[in-house]
Amino acid sequence: MLNWKILTVIMVAALLLASCGGQEAAPPAAPAPTPAVIDAGKLYATNCLACHGADRQGISGLGKPLTPESLAPLTDAGVRDTILNGKPETLMTAWQGRLSLEEIDALVQFIKYVSP
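First things first, this report covers the structure right here in the doc. Just so we're clear, the structure is a prediction, and the values are computed from it rather than from any experiment. (Residues numbered from 1 in each chain as written. Predicted model: local features only at pLDDT ≥ 70, side-chain atom pairs only at ≥ 80, totals over all residues. Heavy atoms only, no water.)

Attention now moves to the pattern of salt bridges. Counting across every chain of the model gives two salt bridges. When the shortest N-O distance is used, the salt bridge between Lys112 and Asp76 registers 3.2 Å. With Lys112 in helix α6 (residues 101-113) and Asp76 in helix α5 (residues 76-85), this residue pair connects regions lying 36 residues apart in the sequence. Assessed through its relative accessible area of 27%, Asp76 is described here as partly exposed. (Salt bridge = Lys/Arg side-chain N within 4 Å of Asp/Glu carboxyl O. Helix = DSSP H or I, 4+ residues; strand = E, 2+ residues; numbered from the N terminus. Buried < 20%, exposed > 50% of the residue type's maximum accessible area, 1.4 Å probe, protein only.)

Structure, rendered in structure tokens:
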């Protein structure tokens, strides 16, 4: 009878140790999201074309040309600032909050460095 009690205690102890001893395997890490490719030409067509024209040569009374030649005297930061904050006393409104910073940066690269 004593052996039966000892055997029972050993079995219960073994079951307890087996059930709580190991660490659970961590779930596999999710792959890092890949940044979305921004189509600056589409952004321009959607947001800028109405005032600056399909050929980016500007529209009289609405918007100035947005070509590499016309923007050459300006820094990237200056163009970015104009898009972000608009230009006082013109029809150029601020796009901050309507376009992401990544979209604005893509537009800067598009209008400053890609010929129409």
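Having seen the model, we can carry on.
Take the state of the cysteines next. Among covalent bonds in proteins, the disulfide is the one between the sulfur atoms of two cysteines. On inspection of all chains with the given rule, the structure shows zero disulfides. Between Cys48, a cysteine without a disulfide, and Cys51, which holds the nearest cysteine sulfur, the sulfur-to-sulfur distance is 8.6 Å. Its relative accessible area of 13% is what places Cys48 among the buried residues. Classification of Cys51 as partly exposed rests on a relative accessible area of 30%. (Disulfide = S-S within 2.5 Å.)

Attention now goes to the nonpolar core. Grouped together as the largest cluster of nonpolar side chains are 17 residues, with contacts concentrated most on Tyr44, Val79, Ile83, Leu99, Ile104, Leu107 and Ile111. Within the residue set of this core, elements represented by two or more residues are α2 (40-47), α5 and α6. Element by element, the count of residues in this core is highest for α6, at six residues. Apart from the residues lying within four places of it in its own chain, the contact partners of Leu99 are Leu43, Asn47, Ile104 and Leu107. (Core = buried A, V, L, I, M, F, W, Y, C linked by side-chain atoms within 4.5 Å. Contact = heavy atoms within 4.5 Å.)

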